[in-house]
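Structural overview
Spelled out, the chains give:
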Amino acid sequence: MALCRNVGFWRTCSVLLPRRPLLFSSAVRTQSSVSGDLVPRTSLSRPPWPEQTALVSEEEERSRHAAVVSTVNQKINQRQYGRLFAVVHFASRQWKVTDEDLILIENHIDAECGERIRMEKVLLVGAEDFTLIGRPLLGKELVRVEATVIEKTESWPKVHMRFWRRHRFERKKIIIQPQTVLRINSIELAPRLT
Amino acid sequence: MVFLTLSYWIRNRGPDRYWKVQEVLKHARHFRGRKNRCYSLAVRAVRRAFVYATKGRKLKKRNMRTLWITRIAAASREHSMKYPALIHNLTKTSVQLNRRVISELAITEPRSFLSLAKLAQARQQEGFRAALGDGKEPAGVFSRVVLLQ
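A brief report on the enclosed structure follows. Remember, it's a predicted structure, so these values are computed and weren't measured experimentally.

The rules behind each value
- Counting restarts for each chain: residues are numbered from 1 in the order of the written sequence.
- Chains carry letters from A onward and ligands carry numbers from 1 onward, assigned in written order.
- This being a predicted model, a pLDDT of at least 70 is required before a residue's local features are given, and a value of 80 or more before pairs of side-chain atoms are given or counted; all residues contribute to the totals for chains, interfaces and linings.
- Only heavy atoms go into the side-chain values, all of them from the structure, while hydrogens and water stay out.
- The buried label goes to any residue with under 20% of its type's maximum accessible area, the exposed label to any with over 50%, and the partly exposed label to all in between, with areas taken from a 1.4 Å probe on protein chains only.
- Runs of E in the DSSP output that reach at least two residues are strands. Runs of H or I that reach at least four are helices, and both are numbered from the N terminus.
- Any two residues whose heavy atoms approach within 4.5 Å at even a single point are treated as in contact.
- Note on patches: the residues involved have over 30% relative accessible area and no salt bridge, like charges join within 9 Å, and the nonpolar side chains Val, Leu, Ile, Met, Phe, Trp and Tyr join within 5 Å.
- Surface accessibility follows the Shrake-Rupley procedure with a 1.4 Å probe radius. Residue values consider only the protein chains on display as shielding.
- One speaks of a salt bridge when a side-chain nitrogen belonging to Lys or Arg is within 4 Å of a carboxyl oxygen belonging to Asp or Glu.
- In this tally, Lys and Arg are treated as positive and Asp and Glu as negative; His is ignored, and so are the chain termini.
- A charge is said to be at NZ when it belongs to Lys, at CZ for Arg, at CG for Asp and at CD for Glu.
- A quick way to say it: buried area is the sum, across both parts, of accessible area lost when two parts are put together, with a 1.4 Å probe.
- Under the rule applied, a polar contact is a pair of N or O atoms within 3.5 Å (in protein, one hydrogen donor and one hydrogen acceptor; residues adjacent in sequence only if both atoms are side-chain atoms).
- DSSP bridges decide pairing: two strands pair if at least two such bridges lie between them.
- Think of each axis as a best-fit line through the C-alpha atoms, taken over the contacting stretch in the case of a helix, with angles from 0 to 180 degrees between the N-to-C directions.
- A pair of Phe, Tyr and Trp rings is counted when the ring centres sit within 6.5 Å of each other, with Trp represented by its six-membered ring. The angle between the planes then sorts it: under 30 degrees is stacked, over 60 is edge-to-face, the rest tilted.
- Ring-over charges, as used throughout, are those where CZ of Arg or NZ of Lys falls within 6 Å of the ring centre and within 35 degrees of the ring normal.

The next subject is helix α5 (residues 99-108) of chain B. Within the sequence span of α5(B), burial applies to B:Val101, B:Ile102, B:Ser103 and B:Leu105. Residues of α5(B) that are buried sit in contact with β1 (85-90), β2 (93-97) and β5 (122-126) of chain A together with α3 (39-78), α4 (83-92) and α6 (110-132) of chain B.

A few words now on a positive patch on the surface. Positive charge collects at one region of the surface, where A:Arg165, A:Arg166, B:Arg48 and B:Lys55 lie side by side. Taking the relative accessible area as the measure of exposure, B:Lys55 reaches 51% and is therefore exposed.

Below, the discussion takes up the interface of chain A and chain B. Residue-level contacts link 34 residues of chain A with 32 residues of chain B. When chain A packs against chain B, close to 3,200 Å² is buried across both sides, 62% of that on carbon and sulfur atoms. On the surface where chain A and chain B come into contact, there are 3 salt bridges. The shortest N-O distance in the salt bridge between A:Glu170 and B:Arg47 comes to 3.4 Å. Summed over the shared surface of chain A and chain B, the number is 10 residue pairs in polar contact (both at pLDDT 80 or more). Looking at the side of chain A that touches chain B, the elements that each hand over two or more residues are α1 (2-23), β1, β2, β5, β6 (131-133), β8 (158-164) and β9 (169-175) of chain A.

Taken in spatial order, the 4 strands line up as β2-β1-β5-β6 (chain A) in an open sheet, and their pairing is antiparallel. Of all the strands in the sheet, the pair left with one neighbour each is β2 and β6 of chain A. Taking each pair of neighbouring strands and ignoring which way they run, the sheet shows an average axis angle of 15°. Summarising the sheet, β1(A) and β5(A) pair through 4 bridges and their orientation is antiparallel. Note that in β5(A) the partner of A:Phe85 across the bridge is A:Gly126. Seen against the sheet, α5(B) touches β1, β2 and β5 of chain A and runs at an angle of roughly 20° to β2(A).

Using the criterion set out here, one finds 3 aromatic pairs over all chains in the structure. When the ring of A:Trp164 is compared with that of A:Phe169, the centres are 6.4 Å apart and the planes differ by 85°; the resulting orientation is edge-to-face. Between the NZ or CZ atom of A:Lys96 and the centre of the ring of A:Phe85, over which it lies, the distance is 5.1 Å. One Lys or Arg, B:Arg100, reaches over the ring of A:Trp95 and ends 5.3 Å from the middle of that ring.

Now for the side chain of B:Ser76. Residue and element names in this part refer to chain B. Looking at the element boundaries, Ser76 is found in helix α3. By relative accessible area, Ser76 is classed as buried at 0%. Once you skip the residues sitting within four places of it in the chain, Ser76 turns out to touch Met81, Lys82, Tyr83, Leu86 and Phe113.

Residue and element names in this part refer to chain A. Here strand β4 (residues 116-119) shows one buried face, formed by Ile117 and Met119, and one open face, formed by Arg116 and Arg118. As paired strands, β4 and strand β7 (residues 143-154) are joined by 4 bridges and run antiparallel to one another. Looking across to β7, one finds that Ile117 is bridged to Ala147.

All names here are of chain B. Every buried residue belonging to α4 is among Tyr83, Ala85, Leu86, Ile87, Asn89 and Leu90, and all of these are buried. Structurally, α4 contributes buried residues whose contacts are with α3, α5 and α6. Where α4 ends, the next residue or the one after it, Ser94, has phi of about 55°, a positive value.

Keep in mind these numbers describe shape, not what the thing actually does.
What follows is the structure in structure tokens.
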């Protein structure tokens, strides 16, 4: 609301000032000495926000969007992309993942060793020429990320120690966390995009 | 004649002092000076090392986050955008990538980062246009702006 009013202020300024010379008709000269800016350039002569670039019309925008979508669709249909990478949300973390990647996850997963897993929460998929950004997730019919559970181990024993000097306070705890190693087998794109 | 009381005077202090001492010294072997050999110095050094490791694990998370933010800010400035503008506009377009992944994209996938920056820029311009409006007052309001138009 305040911005609407301020826009009105900048517009009234620009409309008012050129009108002023008409009141003093006797002082009007045939040749104006000030050419160019009607308003002297000060810190308050222009609004502090940058000037707006020209708006693209809606049809132009729609045609550009359709062109982009058709090129990307063509590339996906003809499988002209090379190696794909994906950003996957898994185990409360986001991983940037490609084929043949190894991932170490610091918790226990219910799948057994050797089982194939499909990761469903894909946030972004990219190839060399195009990127598909999900808002926030990409559809399950669009991307398929498959992984295999390779190893289920425990971490090395980490020492959690607290010590408060001169207060005879010392606590030592050894933390061993379960770990899982996943190998990303493949990332596949489905040839369908709207 | 057998002297029996002599054997009662010998105390057995415990069979495994050596292994208890080694348990502490093994964590001190890479230290400098006598702390890596002498038990009483090593105990104190090992305790400090464990406490620093515990505190460091918490600090590491904070430091990594500031590092990611610095990297994203630098990369977005290459594309004439500032870090707060980039992040705010990405969240407004409901793109939920975290800072670690965005910084990795900025390093290894520059084209994808450019596409994210362009998306944020477009959303920023849309926001400016929505805020500035037409320059006309709302319907039903009469003021000098309406008078002058």
